[in-house]
Amino acid sequence: MTVLVISGTGTGVGKTVVTAAIAALAAERGERVAVLKPAQTGVADAEPGDLAEVRRLAGAVTTRELRRYPDPLSPEAAARRCGLDPVTPAEAASAAGELHASHDLVLVEGAGGLLVRFDPAGGTLADVAWSLGAPLLIVAQAGLGTLNATALTAEVATRRGLDVAGVVIGSWPAEPDLASRCNLGDLPVAAGAPLLGAIAEGAAGQQAHRFLEHARYGLSPWFGGEFDPECFTGRMASQA
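Every chain is numbered independently, its residues counted from 1 as its sequence is written. Only residues with pLDDT of at least 70 get local features here, since the model is predicted, and only at 80 or more are side-chain atom pairs given and counted; chain-wide, interface and lining totals rely on the full set of residues. Side-chain numbers here rest on the full set of heavy atoms in the structure, without hydrogens or water.

Colleague: I'd like a rundown of the packing of helix 6 (residues 146-159) against helix 7 (residues 178-191), residues and numbers included.
Modeller: To obtain an axis, a line is fitted to C-alpha atoms, over the contacting stretch when the element is a helix, and the angle between two such axes runs from 0 to 180 degrees between their N-to-C directions. Only runs of H or I of at least four residues qualify as helices and only runs of E of at least two qualify as strands under DSSP, and these elements are numbered from the N terminus. Relative orientation of the contacting elements helix 6 and helix 7 amounts to 25°, with a least axis distance of 8 Å. On the basis of their axis angle, the class for helix 6 and helix 7 is roughly parallel. The two elements helix 6 and helix 7 cross, and the hand of that crossing is right-handed. Contact residues: Thr146, Leu147, Thr150, Ala151 and Ala154 in helix 6; Asn183, Asp186, Leu187, Ala190 and Ala191 in helix 7. Here the word oblique covers every angle except those under 35 degrees (roughly parallel), over 145 (roughly antiparallel) and from 65 to 115 (roughly perpendicular). The sense of a crossing depends on the near helix, which, turned anticlockwise from the far helix by less than a right angle, makes the crossing left-handed and, turned clockwise, makes it right-handed. We call two residues in contact whenever any of their non-hydrogen atoms come within 4.5 Å of each other.

What follows is the structure, encoded as structure tokens:
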């Protein structure tokens with residue numbers, strides 16, 4: 001894996017935290033890591049965006065943001081509202097390719113869900129992933145409602161010829177409810193792909209060295225972590 005596209009099942013599910021966790025583990029291994037955010041919305045020019053959070057948590061990784069829009073809308077709507085040029089999938093894929101030429105791992109973080117529109121032509125993160133031939137990682141919520149959102153995302157991705165690498169829970173609650181515990185076994189079925197991690201709630205509030213511990217504990221060996229879905233599911237079931 002040299003390029004990975006990261007999409008949420010919606011907004012606020014923990015994409016940036018998962019992106020930072022993957023980047024932190026790769027950087028610790030000595031890999032040259034780049035994180036690309038094609039479109040940042042809902043953040044003013046002088047404010048720190050998602051990439052600032054990635055750098056805070058993952059350390060000295062390369063970051064690149066193609067466009068920033070102040071309104072908290074889809075990239076296409078935000079660009080239209082403020083009169084700025086939209087980001088196209090071709091532009092995003094080209095930027096990822098440029099970063100790939102000088103980095104071992106490129107992470108492309110979307111905005112919201114997989115089919116959120118980037119431009120008036122209807123370009124989406126799915127088009128970026130298809131252009132790059134890169135696997136897709138789905139970041140999902142833990143609790144009630146996540147199975148439908150995950151299944152919809154995975155089905156669309158598969159129909160568009162994308163390889164769904166797996167699903168990661170972006171924020172695993174300190175006190176998981178019944179739905180969250182049951183979803184540990186059901187999420188891989190909904191995604192048609194393995195559960196590759198569960199990042200602990202509050203991990204993003206830690207300093208970088210503590211966050212690295214959360215990343216290692218919460219991500220699969222596929223990313224260089226120690227997360228074992230069977231052991232984790234069994235442990236959560238025993239706490240019910």
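Now that the structure has been shown, we can carry on.
Colleague: Provide a residue-level description of the nonpolar core, including the pertinent values.
Modeller: Counting residues in each nonpolar core, the largest one holds 43 residues, and the members touching the most others are Val108, Ile169 and Trp172. Ignoring anything within four residues of it in the chain, the contact list for Val108 reads Val3, Leu4, Val5, Ile6, Leu36, Pro38, Ala96, Leu125, Val128 and Leu132. To define a nonpolar core, start from buried Ala, Val, Leu, Ile, Met, Phe, Trp, Tyr and Cys residues and group those joined through side-chain atoms within 4.5 Å. Working definition: with a 1.4 Å probe on protein chains only, accessible area under 20% of the residue-type maximum means buried, over 50% means exposed, and in between means partly exposed. Residues Val18, Ala20, Leu57 and Leu107 belong to the second largest nonpolar core, which totals 32 residues.

Colleague: Let's hear about the pattern of salt bridges: which residues, and what values?
Modeller: Salt bridge, as used here: a side-chain nitrogen of Lys or Arg that lies within 4 Å of a carboxyl oxygen of Asp or Glu. Taken as a whole and judged by the stated rule, the model has 14 salt bridges. Two residues, Lys37 and Glu109, come together in a salt bridge whose shortest N-O distance is 3.1 Å. Here Lys37, found in strand 2 (residues 33-41), pairs with Glu109, found in strand 4 (residues 105-113); they are 72 residues apart in sequence, far enough to count as distant. With a relative accessible area of 1%, Glu109 lands in the buried category. A single salt-bridge network, built from bridges that share partners, covers Lys37, Asp50 and Glu109.

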